[in-house]
Amino acid sequence: VPDHNANQRRLCGTLANLRRYDEAQPWCDRAWEADRSWMNAYAMLGVVMGVEFERPDGAATQRATDAVSLIVSDPLADGDALNAACQVAFLAQHFDVFERCSHRMESMAPDMPATWYYAFVIDMAYERLDEAAEDIDRAEAAGMPADQVAAMRDNVQDEEPVLSTIAPVALAGLAAWAAVFL
């Protein structure tokens, strides 16, 4: 592989998609050290979280946090990278980062169901039920599956604490993301 960070990132991503995380990691590291861009952070995030799913020991947490912070703060980061960053921020319980990420997605990826799901989580956490109901309508219009829409509507009706009732849905979403991107 020529010594160029885009090639290193691509090799990292390819190996990560094959779930060969130990082989992918050095290529991600090289790309990351050469250029701390949102694209390299996104690739790094895929490997770090893949390793964490395969061998959960918490060692990947700082690397994931660094990658998420960079993605959320970079104005050029795309909707897919922001989606992954929001999922990781939520699961890592970095609510302030999750909230910033969600707001970025509203402007960058309004056509993604996840955008409005994240807005819904935040509105429920702050007990803004009217806004949460609007988020559900937007998620449904963006193509969120009917069963998830129904679960969100039930949460608004029940006014249950969102972080305890939505975490299983978020984990399922992250698992789906991991299956596609890792």
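This write-up is about the structure you can find in this document.

Calculation criteria
Residues numbered from 1 in each chain as written. Predicted model: local features only at pLDDT ≥ 70, side-chain atom pairs only at ≥ 80, totals over all residues. Heavy atoms only, no water. Helix = DSSP H or I, 4+ residues; strand = E, 2+ residues; numbered from the N terminus. Buried < 20%, exposed > 50% of the residue type's maximum accessible area, 1.4 Å probe, protein only. Contact = heavy atoms within 4.5 Å. Expected span 1.5 Å × (residues − 1). Arc of directions from axis to C-beta. Salt bridge = Lys/Arg side-chain N within 4 Å of Asp/Glu carboxyl O.

## Thoughts on the overall build of the chain
Across its full length, the chain carries 10 helices and zero strands. Reading the chain from its N terminus to its C terminus gives the helix and strand order α-α-α-α-α-α-α-α-α-α. When each of the 182 residues of the chain is scored for burial, the buried share is 46%. Pairs at least 24 residues apart make up 58% of the contacts formed inside the chain by residues separated by at least 6 positions.

## Examining helix H8 (residues 129-141)
The terminal C-alpha atoms of H8 lie 18 Å apart, and with 13 residues this matches the ideal 18 Å at 1.5 Å per residue to within 8%. Buried within H8 are the following residues: Ala 132, Asp 135, Ile 136 and Ala 139. Projected onto a plane normal to the axis of H8, the buried residues spread over an arc of 105 degrees and lie on a single side. When the buried face of H8 is taken as reference, the exposed residues oriented beyond 90 degrees from it are Asp 130 and Ala 141. Two residues or fewer after H8 comes Gly 143, characterised by a positive phi angle close to 105 degrees.

## Some details on the pattern of salt bridges
Within the structure shown, the criterion is met by seven salt bridges. Close ionic contact of Glu 23 with Arg 20 constitutes a salt bridge, the shortest N to O distance being 2.7 Å. Here Glu 23 falls in the partly exposed class, since its relative accessible area comes to 39%. The salt bridge involving Arg 153 is made with Glu 140; its shortest N-O contact spans 2.8 Å. Pair noted here: Arg 153 is in helix H9 (residues 146-158) and Glu 140 is in helix H8, with a separation of 13 residues, a long-range link.

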